[in-house]
Amino acid sequence: MTRLKPVTIIKGVSNMKIGGGINIRKVLIGIQFILSIGFAVLVSLAYKQYQYALNFDLGYNTEAILNVELQGNDYEIVKAAFSQIPEIESISGSAFLLSTGSTNSDYAKLPEASDSVVVYSMRVTENYTSTLGHQLVAGREITSQLKTKQMIVNEQFVEKFGFENPEEIIGKTFYYYNDHRMVVGVIKDFHYGTIYNDIQPFAFIQPEENQLYLTNLKLKSADLPATLEKIDDAWSEIDTHHELQASFYSEDIERTYQTLSSSMKTYGLLAIIAIGISLLGLLGMAVYTAESKIKELTIRKVLGAGFYHLVALLSRSYIWILVIASAIGIPIAVYIFKTTIANNIQYTISIGFWELAGGALMVLTVAILTIGSQATKAALTNPAENLRNE
C-alpha cells in the first residue's frame, strides 16, 4: 500500500496498475472469469460422470426388476403368492442388492490346496441369474433338486484359480464360507460393486435359513400401476403388520450415486454465483470503457470508422481476458475433478473436447453478448450529440 501513488488512488481504481502496467480492473475481471469458467466446466464434468454412473453397463439386466423386502417373511410363501400374478415373469430371492455398494467376502480354496483367494459373494435362490439376465458361459444355474451345496462363479474366479477355460472348473469343489461347495456354472464378469470398484473373483452361493432379505420380481406389464396394485394386494394377504417395501432396481442404483448428484448440485450453485458476479463486473467495466472512450469513438465515427470496427475496438481487450481466463480455468477444473470427484472411481468418463468446451463456451457466449451489447450501444450513438455534450 505504501508503494501506491496518492494521485493514482485519487484518480480511481481504474487507473491503478500492477506489475507490467496491467490494469487492476482487468486482473480482477480475469480472476472472476477463471472461477466462472472453472466451475462451469466442473459442473459439466460432474454431470457427465453422474450420467455415466446411472447408465453404466453392469453386465446384467436391471430393467423392470422390482425388489421387494421380505421383512422377516418366508421366501417360499412370498414367492407362492406373487406367482399368481401373471404380469410377474420371473421370481428369485437374494440377500441384498448388487451394484449398490453392499458386498460380502471370504477366503476360498481348493480342498487340497493351502493358498486361498478372497472371493466376493451373495446368497441367491435358483432362477436368480436368469431373472437378472446374467450370461452363462459354462454349466448351469443353481438348482434346489441337488443336496450338494452349489455355487456359480465369474470369469475372474476361474482365472484366479489358474483354470484355462470355464469348462475345466465345472464340478470342482471349493471350501468357501465354512463349507464345501461345488461349482455348477460360470457367468461372464459383471460389476457386482459400483463404479468405485474393479471386478474381482465373485460367486453366487445358496442361502441358509433366514439369509434372504429380498424377492426379485421381473415384470412384464403394459399397465405398470395396475400390476403394482396387484403386488400390493398380494402382499397384504401375506403380511398384515408391514406395508409393502419395494423399489425398482434403477431407483436403487440412482440412490447409490447420491454423492455424485450432490457434488454436481453444489458446483452448479457455485457456478451460477460466480458467473453472475463476473457478468455484473464485466457489464460495469464495459459501460465504464464505453463512457470513457466516447470522445475517441465519436471522432473515429466522424472520420469514417465503420460499425464493426468500433465494436471490435471496444471488445478486443475483453475478449483476450476471456481467452486467457479459459486457458487457466479449464486445466484447474480438470485437476479438481480428477483429485476430488473422480479420485476413487475406477470407471470414469473420457474427457474430450466437448466435455471441456461445453461449460466454457456457455460462459464465453454470455460474456461476449454482454460486451457486445454495450459496444453496439456506444457505436450506434449519434456523433452530433456526443460532440455537443463533450
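Just above sits the structure.
Residues numbered from 1 in each chain as written. Predicted model: local features only at pLDDT ≥ 70, side-chain atom pairs only at ≥ 80, totals over all residues. Heavy atoms only, no water.

Novice: I would appreciate a short explanation of the pattern of salt bridges in the present structure.
Specialist: Working definition: two side chains of opposite charge can pair if their charged atoms are close together. Counted under the stated rule, the structure contains four salt bridges. One salt bridge connects glutamate 87 with lysine 230, and the closest N-O pair in it is separated by 3.0 Å. One end of the pair, glutamate 87, is in the loop between α3 (75-82) and β4 (88-94); the other, lysine 230, is in helix α7 (residues 224-238), and 143 residues separate them in sequence. For lysine 230, a relative accessible area of 37% gives the class partly exposed. Aspartate 179 is the partner of lysine 149 in a salt bridge, and the nearest nitrogen-oxygen pair spans 2.5 Å. Within this pair, whereas lysine 149 is found in the loop between β7 (136-139) and β8 (150-154), its partner aspartate 179 is found in the loop between β9 (173-176) and β10 (180-187), the two being separated by 30 residues in sequence. A relative accessible area of 27% places lysine 149 in the partly exposed class. (Salt bridge = Lys/Arg side-chain N within 4 Å of Asp/Glu carboxyl O. Helix = DSSP H or I, 4+ residues; strand = E, 2+ residues; numbered from the N terminus. Buried < 20%, exposed > 50% of the residue type's maximum accessible area, 1.4 Å probe, protein only.)

Novice: Is there a simple way to explain the sheet that holds strand β13 (residues 246-248) in this structure?
Specialist: The strands that make up a sheet are held in pairs by hydrogen bonds between backbone atoms, and each pair lies either parallel or antiparallel. An order of β4-β12-β3-β13 is seen for the four strands of this open sheet, with the pairing classed as antiparallel. Edge positions in the sheet fall to β4 and β13, since each of these pairs with one other strand and no more. Neighbour-to-neighbour, the strand axes of the sheet open up by a mean angle of 25°, direction not taken into account. Pairing geometry for β4 and strand β12 (residues 214-219), over six bridges, is antiparallel. Bridge pairing links serine 92 to asparagine 216 in β12. The sheet strands contacting α3 are β3 (65-69), β4 and β12, and the helix crosses β4 at an angle near 170°. Across the face of the sheet, α7 comes into contact with β3, β4, β12 and β13 while running at roughly 150° to β12. (Pairing = 2+ DSSP bridges. Axes fitted to C-alpha atoms, helices over the stretch in contact; angles between N-to-C directions. Contact = heavy atoms within 4.5 Å.)

Novice: How should I be thinking about the side chain of threonine 62 in this particular structure?
Specialist: Topologically, threonine 62 is positioned in the loop between α2 (24-54) and β3. Accessibility expressed as a relative area gives 19% for threonine 62, which makes it buried.

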